[in-house]
Amino acid sequence: MIERTVEIEAQMGSAPTLFDLVKGTDLRRTIITCLMYASQNFAGNLIANQATYFFEQAGIPHSRAFQLNLINSCLQFVANAGSWFLSAWFGRRTIYLWGTATNITLLFILGIIASVPQNHQTNYAQACLGVIISFVFAGAMGPISYTVISETSSVRLRSLSTAVGRAAYYIAEIPMIYLASKMLNTTGWNLAGKCGYVWGGTACVCWVMAYFFLPELKDRSYRESDILFNRKVPARKFKSTVIDVRDNE
């Protein structure tokens, strides 16, 4: 089936170029790839990237903050290993939507806790929520994004699509890292856990975009994916659409 898909796609033209990424149905596939890469910066992942400083801003002592970051990294490894099984049991769209919805809830709870008068309990509650948010991201949205990216692009344009998608990741990451540092730094906006409101809001945008544009490609061959995109099937109907074995579009 893969050989047949490559053969059909090869008949579409000569060596692929960057312009092919924005032609016809490949434009839709390129947009999905770019959005999936870029969205990794908007659903709480930057809290994990600056975990030690976030814990300190949440009121955790310096030495304990470093220890929590080590625990956080270990838990992320466990979550990532768990995603191997999660992606085999559930669809990519399902994992992404539920993972993002979970982090949206946790991020807003984090913001609420950071908004009340602070004490020892609220400090550790913020730190624990930061760990859980990182855990959810490492087990759901983070790894499943790479699965979606590899399955969405056409075989012919996969290398170019992946490269452009990764470029979109860095284009989104550069300003987000600046904003994340600005939000946490005491000489900046000094939001500490209140940054949960900001990342919760951006995660909501990611969830809405995924709901309308992220297709379910689990258990679909590359040829079936080509047919579904060529038919311009809405993302929400990818899973239920039946492809006959004789279809050769």
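Residues numbered from 1 in each chain as written. Predicted model: local features only at pLDDT ≥ 70, side-chain atom pairs only at ≥ 80, totals over all residues. Heavy atoms only, no water.

The protein chain carries the name Maltose permease in an unreviewed UniProt entry, which gives Aspergillus rambellii as its organism.

Enquirer: What is the right way to look at the packing of helix 5 (residues 62-89) against helix 7 (residues 120-139) in this model?
Expert: Each pair of packed helices gets described by two things: the angle between the helix axes and the distance between those axes. Where helix 5 contacts helix 7, the axes come no closer than 7 Å and their chain directions differ by 30°. In terms of axis orientation, helix 5 runs roughly parallel to helix 7. The element helix 5 and its partner helix 7 pack so that their crossing is right-handed. Two secondary-structure elements touch here, helix 5 through Arg64, Leu68, Asn72, Leu75, Gln76, Ala79, Asn80, Ser83 and Leu86 and helix 7 through Tyr124, Ala127, Val131, Ser134, Phe135, Ala138 and Gly139. In the contact of helix 5 with helix 7, the residues fall into nine nonpolar, six polar and one charged. (Axes fitted to C-alpha atoms, helices over the stretch in contact; angles between N-to-C directions. Helix = DSSP H or I, 4+ residues; strand = E, 2+ residues; numbered from the N terminus. Parallel < 35°, antiparallel > 145°, perpendicular 65-115°, else oblique. Left-handed = near helix turned anticlockwise from the far one by under 90°. Contact = heavy atoms within 4.5 Å. Nonpolar A, V, L, I, M, F, W, Y, C, P; charged D, E, K, R; others polar.)

Enquirer: Sorry, what's going on with the packing of helix 2 (residues 25-38) against helix 8 (residues 141-152) here?
Expert: Between helix 2 and helix 8, the shortest axis-to-axis distance is 9 Å and the interhelical angle comes to 165°. When the axis of helix 2 is compared with that of helix 8, the two are roughly antiparallel. In this structure, the crossing between helix 2 and helix 8 has a hand that is left-handed. Residue-level inspection shows Arg29, Ile32, Thr33, Met36 and Tyr37 of helix 2 in contact with helix 8, the latter providing Ser145, Tyr146, Val148, Ile149 and Thr152.

Enquirer: Just to check I follow, could you spell out the environment of Cys204 for this structure?
Expert: Examined against the element boundaries, Cys204 turns out to sit in helix 10 (residues 195-213). By relative accessible area, which is 28% here, Cys204 ends up partly exposed. Spatially, the C-alpha atoms of Cys204 and Ala43 are 8.3 Å apart, while their sequence positions differ by 161 residues. Aside from chain neighbours lying at most four places away, what touches Cys204 is Ile104 and Phe108. (Buried < 20%, exposed > 50% of the residue type's maximum accessible area, 1.4 Å probe, protein only.)

Enquirer: What should I look at first to understand helix 9 (residues 158-184) in this one?
Expert: At 3.6 residues per turn, the α-helix brings residues three or four places apart onto the same side. Spanning 27 residues, helix 9 covers 38 Å between terminal C-alpha atoms, matching the ideal 39 Å at 1.5 Å per step. Listed as buried for helix 9 are Arg158, Ser161, Gly165, Ala168, Tyr169, Ala172, Glu173, Met176, Ala180, Met183 and Leu184. (Expected span 1.5 Å × (residues − 1).)

Enquirer: Explain the side chain of Lys218 to me, please; I cannot follow it from the model alone.
Expert: Examined against the element boundaries, Lys218 turns out to sit in the loop between helix 10 and helix 11 (222-230). Within polar-contact distance, the side chain of Lys218 engages the backbone oxygen of Ala88 at 3.3 Å. Beyond its immediate sequence surroundings of up to four residues, Lys218 is in contact with Ser87, Ala88, Trp89, Phe90, Gly91, Arg92 and Glu151. (Polar contact = N/O pair within 3.5 Å; in protein donor to acceptor, adjacent residues only side chain to side chain.)

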